[in-house]
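Residue-level structural notes
This is what each chain is made of:
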Amino acid sequence: MKPFNKKTLKNGLRVITIPKKDSLATTVLVLVEAGSKYETKKINGLSHFLEHMCFKGTAKRPTALDIAGELDGIGAEYNAFTSQEWTGYYAKAQSEHTDKVLDIISDMYLNPTFDPKEIEKEKGVVIEELNMYEDTPQRKVQDLFLELLYGDQPAGWDVGGKKEIIQKLNKEDFLKYRGEHYVAKATVIVVSGAVNEKTLLPKIEKAFSNITVGDKTGKIKTIEKQSKPEILIRHKESDQTHLVMGVRAFDAFDKRRFALDVLADILGGGMSSRLFQRVREELGAAYYVNAGVDLLSDHGYLGISAGIEHSKINIVIKAIIEELSKIKKNSISEEELHRAKDHLTGRMILGLESSDALAMYYGGQEVLRREEMAPAELVKAIHAVKLEDIVSVANDLFKGDRLNLAMIGPYRDQKQFAEILRF
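Residues numbered from 1 in each chain as written. Predicted model: local features only at pLDDT ≥ 70, side-chain atom pairs only at ≥ 80, totals over all residues. Heavy atoms only, no water.

Here's the deal with the pairing of strand β1 (residues 5-8)
Bridge analysis of β1 against strand β2 (residues 14-19) gives four bridges, and the strand direction is antiparallel. Bridge pairing links Asn5 to Thr17 in β2. The hairpin turn running from β1 into β2, its antiparallel successor, is five residues long, and Gly12 in that turn takes a positive phi close to 100°. (Pairing = 2+ DSSP bridges. Helix = DSSP H or I, 4+ residues; strand = E, 2+ residues; numbered from the N terminus.)

Structure follows, in C-alpha cells:
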C-alpha cells in the first residue's frame, strides 16, 4: 500500500493526502508554481511580496489580525515561504481543527484583497526583511553565490527582490501576476497527518471551487555558461569571512542526483564528514562548515559553506580543493560510503516524523518533478549508489573551469584568491 494518494480534480487542481495513523495533528499545505524564476526584472520580488499580502486580509477575514487570531485561537503553527520555483502556505493544528485550517488556508490563497493601504505598509516589512538578510552574512553569501553562478537572469536574482522595485509595486501588479500563476493546474493541495480521505476530498473540492482555471504562464529557461573559475566578493568589515564554494551540477531529473547527495554528505554532511574534520577539527579555522546540493527544474549546484577566520582563508580554500581532488581519485572506503548513506537516510527519516515535514516532502516533489518517491524508495535509491558512481560524478563536476567562490569579508581584491582557486 502506498504511503500517499494523489488525485487530480476536474479543474486541474492536484491533491495529495498522506495518512499518518498515529498523528494527533494535521497539516494543510498549498503550493503553487510561482517563485522568483517566474518573474521579470521589473517585478523581481513580487512572488515573495504577494505571499506576505495573503496574510493581510480577505473579504471574509478583512484584517491580518482576523487571520492570525483564528489560527492562534486553535494553537496552530502557520507560515508561508517563497523560493525560486514555488510559494507555499500552510497551517498545522490538532486534527479536530482540520476543517477550520482548510477554510482559513484556502481563503487566504484564493481571496486576498490587496488593500492598497496594506500594500504600502507591508513594503516597509518586506524591506526590513531584506535588511535583516543583508546584515546576516552567513545567509547573504548564499544569495551572492547564486548571483555569481547565474548572473542577470531569474536564477541569479534575489528571491526577495530589490528595495527600489518593492517600493514601486502596486495592486495592479499583484492582480496581474496572481492571474497568470495562481491557477488550478499550477496548484497542489497537500494534507498530511490525521487524514480521513473519503470525507476530506469533497471538502477540498468545495473549498477550492472558485479557483481560477486557465493557462499558466511559464518561466525562462536558465542559461548555464562558464569557461573559467569565477569569484564574487562583497566587502564587509566582519569578524569572520563567510564563503560558499561550489560547482554547477544538473537538474532534479538527473539520475546521478543520488550519487551527488551521497558525495555531499561525505564532504560535509555531519561532524564526522571530511570537511568538518579537516577545516574545524584539524585547522581550527571555522565553527560551521557543511556541504549541500540544490537541484531545481532546469539547473542545480553543489555548494560548500563555511565561516572562516580571516587569517586562515587561503589555507581553508586550498584544503577544500584538496578534499574535492581526493574524491576524484577514488579515496572513499566502503566503510565511509556506508556511513554516509546511513547518515543521509537516517537524518531524512528522522526529519519526516511530523505531518508538516511529510507535507513539504511530497509537495515539493510534486511541484518540481510532478512525481513522488516515497521515503522507502528514496532510501533504497541512496543505498544503491556505488563508489564508482560517486567518483564519476566528482570527475564530471570537479573541474577547474567549474569552480566558483562567493565571499563576504574584509577584501577588495580578488587576485589572491584567483591564484589558489584551481585544481
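Now that the structure has been shown, we can carry on.
Comments concerning the nonpolar core
Ranked by internal contacts, the top residues of the largest apolar core, which has 76 residues, are Leu243 and Ile317. Here the element with the most residues in this core is helix α9 (residues 257-268); it accounts for eight residues. Apart from the residues lying within four places of it in its own chain, the contact partners of Ile317 are Leu243, Met245, Leu405, Met407, Phe417, Ile420 and Leu421. In terms of nonpolar packing, the next biggest core, distinct from the first, is built from 50 residues, Val28, Phe55, Ile105 and Phe208 among them. (Core = buried A, V, L, I, M, F, W, Y, C linked by side-chain atoms within 4.5 Å. Buried < 20%, exposed > 50% of the residue type's maximum accessible area, 1.4 Å probe, protein only. Contact = heavy atoms within 4.5 Å.)

Points about the sheet that holds strand β9 (residues 286-295)
Backbone hydrogen bonds are what pair the strands of a sheet, in a parallel or an antiparallel way. Strand order in this open sheet of five strands is β7-β11-β8-β10-β9, and the pairing throughout is mixed. Looking at which strands have only one partner, the edges of the open sheet turn out to be β7 (230-235) and β9. The average undirected angle you get between the axes of adjacent strands in this sheet is 15°. Pairing geometry for strand β8 (residues 241-248) and strand β11 (residues 404-409), over five bridges, is antiparallel. (Axes fitted to C-alpha atoms, helices over the stretch in contact; angles between N-to-C directions.)

A closer look at the layout of surface pockets
Each pocket or cavity is described by its volume, and for the largest pocket that value is around 1,000 Å³. Lining the largest pocket are 30 residues, with Asp261, Val293, Met348, Tyr361 and Leu378 positioned closest to its centre. Of all the elements in the fold, those that place two or more residues in the lining of the largest pocket are α9, β9, α12 (334-351), α13 (355-369) and α14 (375-383). For the lining of the largest pocket, the element with the highest residue contribution is α13, accounting for seven residues. Broken down by class, the residue content of the lining of the largest pocket amounts to 18 nonpolar, six polar and six charged. (1 Å grid on protein atoms, 1.4 Å probe; cavity = no way out; pocket = protein on both sides within 12 Å on 5 of 7 lines; lining within 4 Å. Points joined across faces, edges and corners; volume = space filled by probe spheres on them. Nonpolar A, V, L, I, M, F, W, Y, C, P; charged D, E, K, R; others polar.)

Overview of helix α10 (residues 274-282)
Buried within α10 we find Arg274, Leu275, Phe276, Arg278 and Val279. Phi for Gly284, located one or two positions after α10, is positive at around 60°.

Here we look at the packing of aromatic side chains
As enumerated under the stated definition, the model contains ten aromatic pairs in all. For the pair Tyr89 and Tyr109, a centre-to-centre distance of 5.9 Å together with 70° between the ring planes defines the contact as edge-to-face. Placement of the pair is Tyr89 in strand β5 (residues 87-94) and Tyr109 in helix α3 (residues 98-110), with a sequence separation of 20 residues. Per residue, the accessibility class of Tyr89 equals that of Tyr109, and both read buried. Aromatic side chains Tyr361 and Tyr362 sit 5.1 Å apart centroid to centroid with 90° between the ring planes, which places their arrangement in the edge-to-face category. Each of the two residues, Tyr361 as well as Tyr362, counts as buried. A connected cluster of aromatic rings, assembled from ring pairs, spans Tyr89, Tyr109, Tyr182 and Phe208. The ring centre of Phe4 lies 4.8 Å from the NZ or CZ of Lys2, which sits over that ring. The positively charged end of Arg139 is found above the aromatic ring belonging to Tyr133, 4.0 Å away from the centroid. (Phe/Tyr/Trp six-rings, centres within 6.5 Å; stacked < 30°, edge-to-face > 60°. Lys NZ or Arg CZ within 6 Å of the ring centre and 35° of its normal.)

Comments concerning the pattern of salt bridges
Scanning all chains against the criterion turns up 38 salt bridges. A salt bridge links Glu118 to Lys56, with the shortest nitrogen-to-oxygen separation between them at 3.7 Å. Highlighted residues: Glu118 in helix α4 (residues 116-134) and Lys56 in the loop between α1 (46-53) and α2 (64-73), separated in sequence by 62 residues. Judged by relative accessible area, Glu118 falls into the buried class, the value being 18%. What makes Lys56 buried here is its relative accessible area of 19%. Between Asp215 and Lys185 there is a salt bridge, with the nearest N and O atoms lying 3.5 Å from each other. Note that Asp215 is positioned in the loop between α8 (197-207) and β7 and Lys185 in the loop between α7 (171-181) and β6 (187-193), a separation of 30 residues in sequence. A relative accessible area of 65% means that Asp215 is categorised as exposed. (Salt bridge = Lys/Arg side-chain N within 4 Å of Asp/Glu carboxyl O.)

Re the packing of α9 against helix α11 (residues 313-328)
Look at α9 against α11: their axes get within 11 Å of each other, and the N-to-C directions meet at 135°. By the angle between their directions, the pair α9 and α11 is classed as oblique. Crossing handedness for the pair α9 and α11: right-handed. Across from Leu263, Ile266 and Leu267 in α9, the residues of α11 making contact are Glu323, Leu324 and Ile327. Considered class by class, the residues forming the contact of α9 with α11 number five nonpolar, no polar and one charged. (Parallel < 35°, antiparallel > 145°, perpendicular 65-115°, else oblique. Left-handed = near helix turned anticlockwise from the far one by under 90°.)

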